[in-house]
Structures are given as C-alpha cells and as structure tokens.
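Structural overview for review
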Amino acid sequence: MAEPVLTIRELEKSFGALKATDGVSIDLMPGEIHALIGPNGAGKSTLIHQVSGSIKPDRGTIHFLGQDMAGLDVAARARFGLARSFQTSSLAQEFSALRNVMLAVQAKQGSSLRVFRPVMRDRSLIEPALAILERVGLAGRAHVPAAELSHGERRQLEIAIALALEPKAFLLDEPMAGMGPEGSKVLTGFLDDLRHEAPILLVEHDMDAVFALADRISVLVYGRIIASGTVEEIRNDPEVRRAYLGDAA
Amino acid sequence: MKATGAREIIANATIALLLLAVPLAASAMGEPFYVTLATRITILALAAAGLNIALGLGGLVSFGHAAFFGLGGYAAGIMAAHAFNAEPFFLGLDSTTSMPVIWLVAIVTCGLVALPIGAISLRTSGVYFIMITLAFAQMIYYFANSWPAYGGQDGLPIFIRNTFPGVNTAQPLPFFLLCYAALLLALLMFWSLRNSRFGAALQAARQNSVRVSAVGIAPFNVRLVAFVISAMVTGLAGALFADLNRFVSPSMLSWHMSGELIVLIVLGGIGRLFGPVAGAMLFVLLEHFLGGVTERWQLFLGLILLGVVLFARGGLLGMIAGKARHG
C-alpha cells in the first residue's frame, strides 16, 4: 500500500474551554480527494489552519511527505509543497490576475530577492502564469485587477495561484463557496482531474460536489471525527445523518 | 491605463528638467541662493525617495527615518571634524574629507543600524510599528543630544564642505549637480526595485501578507531588506544635507524630521516614482515663499495636507497623472 502524503495524528487545539480540534487523525493518500465535511463551527477551518501552519496545535503531529511540520511556518510549508486556497478569497487586490499568478510562479522559482529585471518583461514568469490562467478559464481577464474580478473569478484565481505552486498536496477550503450551480459544476470537473496532479484535502459544504468528487469522506463534529469512509459508507451512516446530513443524503 | 502611464512619464520628465534647469539658470544669472534652494529640494527628495521604498512600496509607515537621515549627517560631520583637527577617525583609521568615502560610511552605518531596528520593529505592524520606529529614532536623538564629544545639543559645524574628486564642492552649482546625480541614481534604483521580483513580493506583502506567506514567500524577510535599503538611501541624503548646511545637529534626528519625510511623500504621491520629488518641491517652495510672509506658514502646509488626504490620495502626481496601475 502506498505511503500517505499527509498524516495527521491525534491533533488537539483548544481556544479557552472550546475544543476546536479534539484528537483528529486523518491521512491523505496519493491521488485521492479526501473531503472534510461537518456543520458550521465543527472546526474544519481550524484544522486547515493547523495543517497550513497559521495556527499551532496544542498536541499531536502533522507529517507531510515524511517530514514533521512542527516548527515550520506558513511560508516554509508552502515551499515544501503544501498549497492552500482560502475560504474567502485572499489576493493581492491591486495586482492584476496575471500578476497574482506570477507572484506564485516566482515564489516557486525561489527568486524573490532579485532586484533588477522587470517582471513584466520576464517571460519565465509571464508564460507559465498565462498558461495557468488559460487552464482555469481566466485568460481573458488576465490584466484585470483582482479587486475588479467577480466573486466566481476570484475563486478561480485562488485555484490558479495554488496550481502555479505545483504543490505536492492541495488544501482547498470551500472552493465552491458562493460559486452558483453552473460555476460549481465546472469547478467540480476541474478538481476531478486535479487529483491526479496532487491529492486534495477538500473542505466543502456543497454536498453534490463532495459526493461526486470524494474518494473518502471524514465527518467532523465538535472538533471530533465521528465517521470516516467512502461516499456510500458516509451516506448510510446513521450517526452522520443525524448529526449533519439530515435529509440531504 | 496606457494614457495615465504616459501622463506620469511626461510629468516626471517635466519635474526632473525643472529641478535641473532652474538652478542652472539661477547660477548663470548670479543668483546662488536659488541654487541652494534647489539643492535643499533635491536632498529632501532623496531622503524621501529612500523612505518611499519602505512606505510607498512596502506600506511600512516608519516614523523613525530621521534616525538614518541624522546618522548620515553625523557621519559626514564627525569625519569632517576629525579631518579638520588632523586626527585619526576611528580605530586609528585616517579621517577624510572625501565625499565618496563619507557617503560609503554613512550608507553602511545606516544599513547596520537599520538591520536590528527593522528586525525588531517588523515583528509588529500598524500603529505599533509606527511607535517602535519612533522610539528607536528618539533613543538615537537623545544619545546625540547628550554626547558632548560631538557638540551635544549644540550640534557640530563642518567648517569646510567635504570634497569630491574633480568637483569644486564649495561652489553651489557643482554641489547641486552632485546631489542631483545622487537623486537620479536613487530614483533609478527605486524604479528597478519596484518592477523587479523583489518589488512584486514587497508590494504584494503590502496588499495582503497572508497571500504572500501562502505562496511560500516570508513577508518578514522581504520587508527587512526593503527597510534596510530604504534606510541606506535616507542616510546618504543625510550626509549631503550636513554638507549643504555645513552643520549637523540633533534636530536632523528628531521626530519632526521623520514626520516631514512622511509629509513630503504624502504630498507628492505615495509609492510614485517622482512623488518624493514633487513633494519636496512643494514643501520647500511653500516654506520659502509663505515662510517669507508669515512664520505660521505651516498652517497653510497643514491645510494643503488636509486637502490632499481628503480629496487627492494620489498626491500631486495622482492629480496630474491619475491613479497608479500595476501591469
């Protein structure tokens, strides 16, 4: 059996009396989409933050590609190959879509202290960035400042930036949020292919998307994983239906 | 987008030519005073161009850049004082009145001082960053005030302006041209930084530092480099300013000076290539002409600043050339 890309073991995080993460263990295997679902306030985003490095867990370990992530900050984990997208778009607002992706390309190349060559004449940045914008369907909006993009376009740009990092794993925090049915459908197809480039830990509320995409689903409620399994197993789990899915499944 | 870019280039060229032509003409007409006024504009613009790297590109509101302006000034003053007394300067090294050496000392000193100040200050942000940079500058200010060896609060005169190989720096026009060349070089560097990969990371960190971390660039490192470069440019301006006035005093280190540098940038246009130059022109001309009419000229400066902040965020250059755009 293949080694997991990402291994989370016995992770715990409390904010005062609130246990946001309570003994969570999750594996992300090569080539899979592992969906993390659960009601609002279940601690999904807190978990993503701990994996990406912006929140420090109280206890437990996170291993990525066999390496202990403890002590590495957000930037170091990103350089290691862990790319995340944000629940609410987080972009350089004054920069065009192209320049937002170019920044990721330059970060991947590890050359952010170069002070001479103008970036807008640097084909080694522009060409890969344009190709990625083309891939997510934003090529026509390349020169529009991020602040002037529509909500859906910003979500696409988030994905484009993550792609530009050529990561070893994706952490996608509600990529479908606010996309509308048509946009969600397009993005679902896109993510379906993406898993072959790198596995995806996917936090998502859109159950149609989750059921269409996920190889495995873990259900988080009050900081604990109450069930973990295939789509069929989760759909039919009585505890999950009571705690979260209700009649939706 | 193209049109605003072209307008800004024309505005910049006009400002650059005006700043060169006026002292040339004044010198030809035997009016050295206006050459000195233009030199003052040039040096303040250089100091603000340095701050513009941290403030304009990086969004780092340093309220302590007077520290570097003053340190540069003291580098020039102290070396000139030792050379005047024919004493060794430091650790038995010969003192010198050669500007290139003095500039190098000023720039390196400011870089070395800015490194720890930046490393500590950049762990904070917002109003705390403003206060901590202010606190560092005030520490250096009080130190200079209470160090009698170099004049304490009375300051330190430079009896003979320092020298530059092949240039008669005692004459106003050649000295102006030196300062003007330094300003153009600094602006070229600013332009190069802004358009480079480093500049992209720095400006992105100003807009959204979470995003910059998430792609794997540590904002702290980028900001620290920017802060140090910024301090070095302002330090060079300080050395020139001391030579212009043939005098250096703790007032160059005071928080008024830090504030003045910020005001110059806000007046001219934050983050704009020629913002500091336009701001310094407006500031010095107001100081000269209104200052001749009333001692309370800063009241009018305040009103203009109020107008800019409320109605013209892009400063003078923003009014002329429109909103700044990034590729």
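Keep in mind that what you see is a predicted model, and the values were worked out from it rather than measured. (Residues numbered from 1 in each chain as written. Chains lettered and ligands numbered in written order. Predicted model: local features only at pLDDT ≥ 70, side-chain atom pairs only at ≥ 80, totals over all residues. Heavy atoms only, no water.)

Looking at the overall build of chain A
Using the following cut-off: Comment: elements are numbered from the N terminus, with helices defined as DSSP H or I runs of at least four residues and strands as E runs of at least two. Our radius of gyration looks at C-alpha atoms and nothing else; its globule reference is 2.2 Å times the residue count to the power 0.38. Think of it in three bands: with a 1.4 Å probe and only protein chains considered, a residue is buried below 20% of the maximum accessible area for its type, exposed above 50%, and partly exposed in between. Methods summary: accessible areas were calculated by the Shrake-Rupley approach with a probe of 1.4 Å, and residue burial reflects only the protein chains presented.
Scanning chain A for helices and strands turns up nine helices and ten strands. Taken against the 2.2 N^0.38 rule, which gives 18 Å for 249 residues, the C-alpha radius of gyration of chain A at 18 Å falls within 12% of a compact globule. Within the span of chain A, comprising 249 residues, buried residues form 53% of the whole. A total accessible area of about 10900 Å² is found for chain A, and carbon and sulfur atoms account for 51% of it.

Observations concerning the overall build of chain B
The helix and strand inventory of chain B stands at 13 helices and four strands. In terms of overall dimensions, chain B is globule-like: its C-alpha atoms have a radius of gyration of 19 Å, near the 20 Å expected for 327 residues. Over its C-alpha atoms, taken along the principal directions, chain B stretches across nearly 55 × 45 × 40 Å. Of the accessible surface of chain B, which amounts to about 13800 Å², a share of 71% is contributed by carbon and sulfur atoms.

Digging into a nonpolar patch on the surface
Defined as follows: Patch membership requires more than 30% relative accessible area and the absence of a salt bridge. Residues of like charge join within 9 Å; the nonpolar side chains Val, Leu, Ile, Met, Phe, Trp and Tyr join within 5 Å. Think of a salt bridge as a Lys or Arg side-chain nitrogen and an Asp or Glu carboxyl oxygen that are within 4 Å of each other.
A cluster of nonpolar side chains, namely B:L299, B:F300, B:L303, B:L306, B:L310 and B:F311, defines an oily patch on the protein surface of about 690 Å² accessible area. A relative accessible area of 73% places B:F311 in the exposed class.

A short note on the domain arrangement of chain A
All names here are of chain A. Short version of the rule: Residue ranges for the domains originate in an automatic or database domain assignment. Contacts were defined at the residue level, with two residues in contact if any of their heavy atoms lie within 4.5 Å. The term buried area denotes the loss of accessible surface (1.4 Å probe radius) that occurs when two parts are joined, taken as the sum for both partners. What qualifies as a polar contact is a pair of N or O atoms within 3.5 Å, subject to a donor-acceptor requirement within protein and to the restriction that residues adjacent in sequence count only when both atoms come from side chains. Residues were grouped as follows: Ala, Val, Leu, Ile, Met, Phe, Trp, Tyr, Cys and Pro as nonpolar; Asp, Glu, Lys and Arg as charged; and all remaining residues, including Gly, as polar.
By domain assignment, chain A separates into domain 1 (1-81 + 168-249) and domain 2 (90-166). With 13 residues of domain 1 at the contact, the number on the domain 2 side is nine residues. Together, the buried faces of domain 1 and domain 2 total about 930 Å²; carbon and sulfur atoms form 63% of this surface. Ranking the residues of domain 1 by area buried against domain 2 places F170, M179 and F190 at the top, with a combined share of 41%. Between domain 1 and domain 2 we count one salt bridge in total. Note that R135 is salt-bridged to E197, the shortest N-O span being 2.5 Å. If you look at where domain 1 meets domain 2, you find four residue pairs in polar contact (both at pLDDT 80 or more). Taken together, the elements giving at least two residues each to the side of domain 1 that touches domain 2 come down to β7 (169-173) and α6 (180-194). Of the residues in the side of domain 1 that touches domain 2, the class split is eight nonpolar, one polar and four charged.

Regarding the packing of aromatic side chains
We count it as follows: Classification of ring pairs uses Phe, Tyr and Trp, with its six-membered ring standing for Trp, and accepts pairs whose centres are within 6.5 Å; under 30 degrees between planes counts as stacked, over 60 as edge-to-face, and the remaining range as tilted. Think of it as a cone above the ring: NZ of Lys or CZ of Arg counts as a charge over the ring if it is within 6 Å of the ring centre and within 35 degrees of the ring normal.
For the structure on display, the rule yields 13 aromatic pairs over all chains. With a centroid separation of 4.9 Å and 80 degrees between ring planes, the pair formed by B:W147 and B:Y150 is classed as edge-to-face. On the numbers, 5.5 Å between centres and 75 degrees between planes, the contact of B:F283 with B:W297 is edge-to-face. Of this pair, B:F283 sits in helix α11 (residues 275-293) while B:W297 sits in helix α12 (residues 297-311), and the two are 14 residues apart along the sequence. For B:W297, a relative accessible area of 9% puts it in the buried group. Taking NZ or CZ as reference, A:R235 lies 4.3 Å from the ring centre of A:F211, over its face.

Digging into the sheet that holds strand β5 (residues 67-68) of chain A
The strands that make up a sheet pair up through hydrogen bonds in the backbone, lying either parallel or antiparallel. All names here are of chain A. As a reminder of what qualifies: A pair of strands is labelled paired if DSSP reports no fewer than 2 bridges between them. The axes are straight lines fitted to the C-alpha atoms, using for helices just the contacting stretch, and the angles between their N-to-C directions are given from 0 to 180°.
Pairing in this open sheet of four strands is antiparallel, and the strands run β2-β1-β4-β5 from one edge to the other. Two strands bound the open sheet, and with one partner strand each, they are β2 (18-28) and β5. Pairing geometry for strand β4 (residues 59-64) and β5, over two bridges, is antiparallel. In the strand pairing of β5, F64 is matched with Q67. On top of the sheet, helix α1 (residues 44-52) reaches β1 (6-15), β2 and β4; it is set at about 120 degrees to β1, its chief contact.

Observations regarding the nonpolar core
Worth spelling out the cut-off: Definition used in this section: a nonpolar core is a set of buried Ala, Val, Leu, Ile, Met, Phe, Trp, Tyr and Cys residues joined via side-chain atoms within 4.5 Å.
Ranked by internal contacts, the top residues of the largest apolar core, which has 159 residues, are A:V101, A:L133, A:L157, A:F170, A:L191 and B:L46. The greatest single-element share of this core, amounting to 16 residues, is contributed by helix α2 (residues 32-57) of chain B. Three or more residues apiece are contributed to this core by two domains, here domain 1 (1-81 + 168-249) and domain 2 (90-166) of chain A. Once you skip the residues sitting within four places of it in the chain, A:F170 turns out to touch A:A83, A:A162, A:L163, A:L194, A:A198, A:P199, A:I200 and A:L201. If you look at the next biggest cluster of nonpolar residues, it comprises 21 residues, including A:L6, A:L11, A:V24 and A:L82.

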